[in-house]
Amino acid sequence: MKIAVSILSSNYSEEETIKKINETDADYIHVDVMDSTFVLGKTPKREFLHTSRKPLDVHLMVSRPFDFITSFALLNTESITIHGELEDDIEGLLNYIKSCGIKCGLALNPETSPKAVSPYISLIDEVLVMTVTPGKGGQELMDSTLYKIDILNEMKKEYKKDFKIIVDGGINGDTIKKVSKADVCVSGSFICKSEDFQERIDKLRL
């Protein structure tokens, strides 16, 4: 399983957090972006993402993603995920992300059915399963969301589409076993509120 480190909640400055992640064998830096409209939280302007030696996995928890997509396309961004619950032209946004040479994905809130990705299955490269309510770090994983991993794995076979299944929320050394059938896990507080990032990442490797 690959590891994406979220910088949403850390004991260190953004610059120091990214520096410490650069020194580990983490696969991605996970960048949460909130606009206080789609979710309650709002993230500050990120100033040090250009210093990342890891590819960026960007999660847009925003009502109007277009402008954000444009700005992240200028960085070392591997993928951008938007929410399936958006009241917007989701297909158009996914196509725009792909036109920037970036992988695209759909995120699903805890109450959203995994079947919501079906209309976009030919476009998406990944599905982000939120195992907590989006917008705040440090929450406990919601077991009620885990059934989605099995359904999405079945959909991979049904549609013959090898998209990545990513889980985000409450992932730590204990809960990692619950999401072993996913391809990527996102972990923030568990790693970034510790003194030894690599030691925590090692605990997540399955």
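Residues numbered from 1 in each chain as written. Predicted model: local features only at pLDDT ≥ 70, side-chain atom pairs only at ≥ 80, totals over all residues. Heavy atoms only, no water.

(A) Structural detail: the overall build of the chain. A tally of regular secondary structure across the chain gives six helices and eight strands. Overall, the chain shows an N-to-C arrangement of helices and strands of β-α-β-β-α-β-α-β-β-α-β-β-α-α. Dimensions along the principal axes, computed over C-alpha positions, put the chain at roughly 45 × 35 × 30 Å. Taken over 206 residues, the chain has a buried fraction of 50%. In the chain, the share of contacts with a sequence separation of at least 24, taken over all contacts with a separation of at least 6, comes to 63%. Accessible surface, the chain: about 9,600 Å² in total, of which carbon and sulfur atoms supply 47%. Taken as two groups, the 26 positive and 33 negative side-chain charges of the chain have centres that lie 3 Å from each other. (Helix = DSSP H or I, 4+ residues; strand = E, 2+ residues; numbered from the N terminus. Buried < 20%, exposed > 50% of the residue type's maximum accessible area, 1.4 Å probe, protein only. Contact = heavy atoms within 4.5 Å. Areas by Shrake-Rupley, 256 points an atom, 1.4 Å probe, with all protein chains shown as cover. Lys, Arg positive; Asp, Glu negative; His and termini not counted. Charge placed at Lys NZ, Arg CZ, Asp CG, Glu CD.)

(B) Inspection of the pairing of strand 4 (residues 77-83) at higher detail. In terms of burial, strand 4 is a largely internal element, six of the seven residues being buried. After leaving strand 3 (residues 56-61), the chain enters helix 2 (residues 66-72) and then returns to the sheet as strand 4, a path that is right-handed. As paired elements, strand 4 and strand 5 (residues 103-108) share five bridges and run parallel to each other. Each bridged residue has a counterpart across the sheet, and for Ile82 the counterpart in strand 5 is Leu106. A crossover links strand 4 with its parallel partner strand 5, the connecting element being helix 3 (residues 90-99), and its sense is right-handed. (Right-handed = clockwise from strand over helix to strand, strands pointing away. Pairing = 2+ DSSP bridges.)

(C) The arrangement of the nonpolar core in detail. Among the nonpolar cores identified, the biggest contains 53 residues, and Leu60, Ile82, Val117 and Ile191 are the most heavily contacted of them. Sort the elements by how many residues they give to this core and helix 3 lands first, with four residues. Among residues more than four places away in sequence, those in contact with Val117 are Leu106, Leu108, Ile124, Val127, Leu152 and Met155. (Core = buried A, V, L, I, M, F, W, Y, C linked by side-chain atoms within 4.5 Å.)

(D) Seen up close, the environment of Met142. Along the chain, Met142 falls in the loop between strand 6 (126-130) and helix 4 (147-159). Along the chain, Met142 and Lys160 lie 18 residues apart, while their C-alpha atoms are 29 Å from each other. Once residues lying within four places of it in the same chain are set aside, the contact partners of Met142 are Pro110, Thr131, Val132 and Thr133.

(E) Expanded view of the pattern of salt bridges. Across all of its chains, the model carries eleven salt bridges by this definition. With a closest N to O distance of 3.7 Å, Lys164 and Glu78 form a salt bridge. Of this pair, Lys164 sits in strand 7 (residues 164-168) while Glu78 sits in strand 4, placing them 86 residues apart in sequence. Relative accessible area serves as the criterion here: at 24%, Glu78 is assigned to the partly exposed category. Residues Asp150 and Lys181 are paired through a salt bridge, measuring 3.4 Å at the closest nitrogen-oxygen approach. (Salt bridge = Lys/Arg side-chain N within 4 Å of Asp/Glu carboxyl O.)

(F) Structural detail: the pairing of strand 5. In terms of burial, strand 5 is a largely internal element, five of the six residues being buried. Where strand 5 meets strand 6, four bridges bridge the pair, whose relative direction is parallel. From the neighbouring strand, Gly105 faces strand 6, where its bridge partner is Glu126.

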